[in-house]
Amino acid sequence: MSTELSRRTVLRAGLAAGAVGAAGAAGLGPAGSAAAARVGPAGRGDAASGRGFALTHATVVDTTGGPSRPDQTVIVRGGRIATVGRSAEVPLPRDATVVDLTGKFVIPGLADMHVHSEDMEQIYPPLYVLNGVTTVREMSGYPFLGPWRDRADTGDLFGPRWSVASQIVDGNPSLWSGIPLPHFEVKDAAEARQAVRQAKADGADFIKVYTRLTRETFHAVLDEARRQHITVAGHCPDNVALTEAADAGLRSVEHVMSSWYATSSREAEIRRAIASMVIEPGDYNGWFHKSLPQDWTAAHSYDPRKADRVFARLVADDCRQVPTLTMHRVFGMPETADRTDERLKYLPAATLEYWQWGMQMYTDGRTPQESARERVLVEHRARFVGNLRRAGVPVMAGTEAGTPFCLPGFALHDELAELVGAGFTPMQALQAATVEPARFLGAQHTMGTVQPGRLADLVVLDADPLRDIRHTRRIHAVVTRGRLISADQRRTMLAAVEAAAQAFTPDPAATPTGCACTGAARPTPIAAGVRR
Ligand SMILES: [Zn+2]
């Protein structure tokens, strides 16, 4: 573990761990140790009683893949979906509020499986939910996130259901070295095991592994995590082959890099090149920059027969892919990031400054030829993700929300469109944000579909998402934890987020946050001042 900040983090995380213990004792914690990537089951934050409400005459989109069902009534009570059936046949409870949704479409609440929230409580949590993103997976375990997760579960914070990563577990030296974002740097198996135990004690829902772990430390993390009944997700390390990582139990792989290498006819040559890359500690940009030739080679040496074998292994290992195409487009084609995007009004100036800085840091030193290659790779990547889907590899929608121009909540809808651009049907894209995350989280019987008994997380749309995936952006209302956020309430709450963004002033003592994956660490005074 590194830096002064980490000591403070441990203190804070210790408090968070205490809160988790209390929640567990109250029956709000994980349903069982194996569900350690859990998203909170129904807790006090879920509307537990009251009259409930009935959504009538809506078309229900069946994310199990069946045909949509028109003219349905969905009755919500006690935080759960109580009944779904034909409006003509379902009797309305006498005391229930009735909401006529003629012409509207109901889908399950969406999940963004790769986010990096900033420490802005009045902005990030509501932006997810108001955009229909009722579940998120945080990929960097900042100390404020455990308390957010727990407070949302108890109804103290308006926010999604959270699965929160450990602090990133990377090798030593790490791409994070010298940058005071909370992380573990492990140099041997003993330190790797200790990091896993510490992360679990700190209340992490899963372990996030990272790029510069050695084979020895990577396998030590996986083995210790198995003993501790906690799942592992993240980057496939540079020195571990994808199939080896999947066989060892890596449950989800972020971004496309390692998967590309594994399906290349020139994998051995690529691996040698990667092994010989000299990266200065903390030099993210250097790592990305030096990986570009390998990405280029891999994309141009795709071997379909080898890919068939690799994909079959991923399926057999139940190892999911989270391609984060939204992030890749931003960094691959920075000219497409729209600085005049109207949705930016929901974020404070401090975030936009940090994003500008992150964009610049990432693209620094890129030659015109490299920029041209990056643009080509955006298209190759989409094609690759289409191949994953055709082979039946489970894909989950994740965005890198919180990193440059990946807007919290909004970005998930961008990612759904990216997936359709990669060859997914709209139904398959929806499944990547509903049933696939539910399966991954061990919550397939509680989330991801509109069925009786499921947690009442729903999105009401003005238009059919199966006709055009962009219709998921046309949100009429949201149901979160059994609470209906009507169209009027949603407008009011979005206006409140906008006001909070305008009024936001950065707290120099706040945890610096940023993209663990792309290295866009916020350049706060802390970040500038602390060196190992
Ligand atoms: Zn990330």
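Residues numbered from 1 in each chain as written. Predicted model: local features only at pLDDT ≥ 70, side-chain atom pairs only at ≥ 80, totals over all residues. Heavy atoms only, no water.

Peer 1: A description of the overall build of the chain should follow, citing residues and the corresponding values.
Peer 2: If you tally the helices and strands in the chain, you get 18 helices and 17 strands. Considering the chain as a whole, with its 532 residues, one finds that 62% of them fall into the buried category. Taking the intrachain contacts of the chain between residues at least 6 apart in sequence as the baseline, contacts between residues at least 24 apart amount to 75%. Of the roughly 19200 Å² that the chain leaves accessible, carbon and sulfur atoms contribute 52%. (Helix = DSSP H or I, 4+ residues; strand = E, 2+ residues; numbered from the N terminus. Buried < 20%, exposed > 50% of the residue type's maximum accessible area, 1.4 Å probe, protein only. Contact = heavy atoms within 4.5 Å. Areas by Shrake-Rupley, 256 points an atom, 1.4 Å probe, with all protein chains shown as cover.)

Peer 1: I'd like a rundown of unusual backbone geometry, residues and numbers included.
Peer 2: A cis amide bond links Asn172 to the next residue, Pro173, at an omega of 5°. Relative to the elements of secondary structure, Pro173 occurs in the loop between strand E9 (168–171) and strand E10 (183–186). Positive phi, close to 45°, is recorded for Thr324, a residue that is not glycine. Inspection of the secondary structure assignment puts Thr324 in the loop between strand E14 (320–322) and helix H11 (325–332). With a relative accessible area of 0%, Thr324 lands in the buried category. Even without a glycine there, the phi angle at Glu400 is positive, about 75°. One can find Glu400 in the loop between helix H13 (368–390) and helix H14 (410–421).

Peer 1: I'd like a description of the nonpolar core, backed by residues and values.
Peer 2: Grouped together as the largest cluster of nonpolar side chains are 121 residues, with contacts concentrated most on Ile123, Ile207, Phe218 and Leu419. With 7 residues, the single largest contributor to this core is helix H9 (residues 284–299). For Phe218, the residues in contact, after removing those within four places along its chain, are Val209, Leu213, Pro237, Val240, Ala245, Ala248 and Leu250. (Core = buried A, V, L, I, M, F, W, Y, C linked by side-chain atoms within 4.5 Å.)

Peer 1: Talk me through the side chain of Gln431; I want residue IDs and the actual numbers.
Peer 2: Among the structural elements, Gln431 can be located in helix H15 (residues 426–432). Once you skip the residues sitting within four places of it in the chain, Gln431 turns out to touch Thr63, Thr64, Gly65, Glu436 and Pro437.

Peer 1: Describe the confidence of the model for the chain, with residues and values.
Peer 2: In this model, the chain carries a mean pLDDT of 87, and residues with pLDDT of at least 70 account for 86%. Predicted confidence for residues 1–36 stays below pLDDT 50, and this span has 60 contacts to residues more than four positions away or in other chains. When the criterion is pLDDT under 50, residues 523–532 qualifies, and its contacts beyond four places in sequence or with other chains add up to 22 contacts. (pLDDT = per-residue confidence, 0-100.)

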